[in-house]
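# Residue-level structure breakdown
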Amino acid sequence: MAHRLTVIGTGYLGATHAACMADLGFEVLGLDVDEEKVARLSAGDLPFYEPGLEPLLRRGLASGRLRFTSSYAEAAEFGDVHFLCVGTPQKAGEYAADLSYVNGAVDALAPLLRRPCLLVGKSTVPVGTAERLAGTLARLAPAGGDAVLAWNPEFLREGFAVQDTLHPDRIVAGLPAEQGAAEHAEKVLREVYATMLAAGVPFITADYPTSELVKVSANAFLATKISFINAMAEVCEAAHADVTKLSEALSYDDRIGGRFLGPGLGFGGGCLPKDIRAFMARAGELGADQALTFLREVDEINIRRRIRMVDLARQQLGGSFIGRTVGVLGAAFKPDSDDVRDSPALDVAASIRAQGGKVTVYDPQAMRNARRAQPSLDFADSTLSAVRGAHVVLLLTEWKVFREMDPGDLAEVVAERSILDGRNALDPELWRAAGWNYRALGRP
Ligand SMILES: NC(=O)c1ccc[n+]([C@@H]2O[C@H](COP(=O)([O-])OP(=O)(O)OC[C@H]3O[C@@H](n4cnc5c(N)ncnc54)[C@H](O)[C@@H]3O)[C@@H](O)[C@H]2O)c1
Ligand SMILES: O=c1ccn([C@@H]2O[C@H](COP(=O)(O)OP(=O)(O)O[C@H]3O[C@H](CO)[C@@H](O)[C@H](O)[C@H]3O)[C@@H](O)[C@H]2O)c(=O)[nH]1
């Protein structure tokens, strides 16, 4: 328990990792270049919504074990283990990942590393990045061979980030080729994750490239599973079949399983879309692009869901959005998150707005981010005010409050009882019995 940890980049991943590691008893220093974020985290004010995280943050601060800074010198001086958690977004106009934040962080930290330490990459990166960064570390760190790099990809889901961090499915450790350094890195990581290992969490050691590939192939598989069921939804629509029944029946086959087989508006967020694109780009650079051409189809099926949703809404309104009012429920890319990065819901809302519809959006947590991302949309502060006067209601993010809506309550304020369920989250019989025209993706 002697290790002192730093977490470099305190966004969705890093802030969660920092607070959880402090809760496990480590002394943790979080570092971010965003001064406002550092100030808010230091004040116990979580800059984003993640269930259960703020109490952990406050507990860590109160214990004195958790602090935040923007000083690399302080972090280098403090840490025995440095977790790298900065963003790797999609480059503008390209499929590839933008590695400037990762490179910037390592370039800033490495020259300050004077004593033995382990740098642990957690960001999602294209295969080959760890090997290159190990070279940077060797070149720049005054500690020389005593500054070692490991790659430890993160698999947490937003909305379940605390649970996933404290109780992961598995821990993957990408280790250096040199045996002494590898043994040292593995020993330190086993100490850092001792609580999870004692609980029986599988610990898999691998070389750098394998560890990097585990992460992107996991996300590629999940994206493929979602697009598979959404492709079935397209066929179901054409054949007048019901994809929700189909998905349920498939789920009882253990070889297939029901998770990530939820048909609807498809995947968004700061991970799956950009990760499959970066994976394709990297495979291309490696001369293995053919292996991943199916991911292009996975991406296209996913984008088609959004287009289909807009088409359905237009159809429902008699062929045009002009002069029509649309109530949109949901802006986050998924429930229990305020993250609107590549959000299918916001994408659909913006597209309808661009085609002349008057769109009013409500989301329980993502309003601030949604306003910033799509300032031309109208926003309401409750479900009922978002759908007041609506000619059609679109359920695009399946928050619990939306799944449990009473069709009678909404009927009193809408202009027309017409609802499109983009997430197959409502009971069609209940809504139809209440006089609503209910339609969904992939079912009659
Ligand atoms: N969000 C998730 O659920 C999740 C899960 C697993 C893996 N990941 C991966 O983790 C990484 C981070 O994702 P995120 O969602 O937390 O992103 P994010 O944008 O929420 O956070 C990134 C943070 O890094 C900071 N930063 C940028 N450059 C920096 C620098 N040079 N030094 C210090 N801080 C810097 C930013 O200010 C920001 O606060 C990405 O590679 C992502 O793919 C994310
Ligand atoms: O059956 C399903 C399941 C999910 N989704 C959508 O898929 C997207 C992604 O959902 P989810 O994977 O739960 O959210 P993330 O928090 O983005 O987590 C993914 O991306 C992270 C970042 O790489 C990984 O760490 C996680 O393991 C991986 O699940 C969301 O838009 C969901 O609405 C569906 O459409 N159908």
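Rules of the game
Residues numbered from 1 in each chain as written. Chains lettered and ligands numbered in written order. Predicted model: local features only at pLDDT ≥ 70, side-chain atom pairs only at ≥ 80, totals over all residues. Heavy atoms only, no water. Helix = DSSP H or I, 4+ residues; strand = E, 2+ residues; numbered from the N terminus. Rg over C-alpha atoms; globule rule 2.2 N^0.38 Å. Buried < 20%, exposed > 50% of the residue type's maximum accessible area, 1.4 Å probe, protein only. Contact = heavy atoms within 4.5 Å. Areas by Shrake-Rupley, 256 points an atom, 1.4 Å probe, with all protein chains shown as cover. Pairing = 2+ DSSP bridges. Right-handed = clockwise from strand over helix to strand, strands pointing away. Expected span 1.5 Å × (residues − 1). Axes fitted to C-alpha atoms, helices over the stretch in contact; angles between N-to-C directions. UniProt positions renumbered as here; feature names shortened; annotations may be inferred. Domains from an automatic or database assignment. Buried area = accessible area lost by both parts, 1.4 Å probe. Salt bridge = Lys/Arg side-chain N within 4 Å of Asp/Glu carboxyl O. Polar contact = N/O pair within 3.5 Å; in protein donor to acceptor, adjacent residues only side chain to side chain. Parallel < 35°, antiparallel > 145°, perpendicular 65-115°, else oblique. Left-handed = near helix turned anticlockwise from the far one by under 90°. Nonpolar A, V, L, I, M, F, W, Y, C, P; charged D, E, K, R; others polar. Near = heavy atom within 4 Å.

### Describing the overall build of the protein chain
Each helix and strand in the protein chain was counted, giving 19 helices and 14 strands. For the protein chain, whose C-alpha radius of gyration is 23 Å, the value lies close to the compact-globule estimate of 22 Å for 444 residues. The principal-axis extents of the C-alpha atoms in the protein chain amount to approximately 70 × 50 × 40 Å. Evaluated residue by residue, the protein chain yields a buried proportion of 54% over its 444 residues. Summarising the internal contacts of the protein chain: among those between residues at least 6 apart in sequence, 72% fall at separations of at least 24. Accessible surface, the protein chain as shown: approximately 18,600 Å² in total, 53% of it carbon and sulfur.

### Regarding the pairing of strand β9 (residues 325-329)
A large share of β9 lies buried, amounting to five of its five residues. The sheet contact formed by β9 and strand β10 (residues 358-362) spans five bridges and is parallel. Counterpart to L329 in the pairing with β10 is Y362. Handedness of the crossover is the feature at issue here: the chain leaves β9, passes through helix α14 (residues 344-354), returns alongside β10, and the resulting connection is right-handed. Of the pairings in the sheet, the one linking β9 to strand β12 (residues 392-395) comprises four bridges and is parallel in character. By the bridge assignment, L329 is partnered in β12 with L395.

### Looking at helix α1 (residues 12-23)
Between its first and last C-alpha, α1 extends 17 Å over twelve residues, near the 16 Å set by a 1.5 Å rise per residue. Where burial is concerned, most of α1 is hidden: eleven out of the twelve residues are buried. Those residues of α1 that fall on the buried side of the exposure criterion are Y12, L13, G14, A15, T16, H17, A18, A19, C20, M21 and A22.

### Observations concerning the sheet that holds β9
Reading across the sheet, the six strands line up as β11-β10-β9-β12-β13-β14 and stay open at both edges, with parallel pairing between neighbours. Every interior strand has two partners, whereas the edge strands, β11 (378-379) and β14 (437-440), have only one. Running at roughly 160° to β14, helix α13 (residues 293-316) makes contact with β12, β13 (418-421) and β14 of the sheet. Running over the sheet, α14 touches β9, β10 and β12 and is turned about 160° from β10.

### Focus: the UniProt feature "binding site: substrate" (unreviewed entry) in the protein chain
The feature "binding site: substrate" (unreviewed entry), as annotated in UniProt, sits at F155, L156, R157, E158, K215, F260, L261, G262, P263, G264, G268 and K334 in this numbering. Taking the farthest pair of C-alpha atoms as the criterion, the annotated set spanning 180 residues is dispersed, since that pair is 24.6 Å apart. Checked against the element boundaries, K215 lands in helix α10 (residues 208-239). By relative accessible area, which is 6% here, K215 ends up buried. If we ignore the near neighbours within four places in the chain, the residues touching K215 are T124, P153, E154, F155 and D275.

### Some remarks on the domain arrangement of the protein chain
Here the domain parsing of the protein chain yields domain 1 (4-201) and domain 2 (212-444). Here the C-alpha centre of domain 2 lies 32 Å away from the C-alpha centre of domain 1. Counting from both sides, the interface comprises 28 residues of domain 1 and, opposite them, 28 residues of domain 2. At the boundary of domain 1 with domain 2, total buried surface from both sides reaches about 2,300 Å², with 56% on carbon and sulfur atoms. For the domain 1 face of the interface with domain 2, the top three residues by lost area are Y49, Y95 and V127, together amounting to 33%. Across the contact surface, domain 1 and domain 2 share one salt bridge. For R341, the salt bridge is made with E158, and the minimal N-O distance between the two is 3.4 Å. Summed over the shared surface of domain 1 and domain 2, the number is 13 residue pairs in polar contact (both at pLDDT 80 or more).

### A short note on the packing of α1 against helix α3 (residues 53-63)
Between α1 and α3, the least distance of the axes is 9 Å, while the angle of their chain directions is 55°. Judged by the inter-axis angle, α1 sits oblique to α3. Considering the relative orientation of α1 and α3, their crossing is left-handed. Touching A15, T16, A19, C20 and D23 of α1 are L53, L56, L57 and R59, all from α3. Counted by class, the contact of α1 with α3 contains six nonpolar, one polar and two charged residues.

### With respect to the site of ligand 1
In the vicinity of ligand 1 there are 26 residues, among which D32, K37, Y72, T88 and K274 approach most closely. A distance of 2.6 Å separates an oxygen atom of ligand 1 from a polar atom in the side chain of K274. Summarising the interface, the protein chains cover 89% of the accessible area of ligand 1, which totals 830 Å² for the free molecule. For the shell around ligand 1, the secondary structure elements donating two or more residues are α1 and α5 (100-109).

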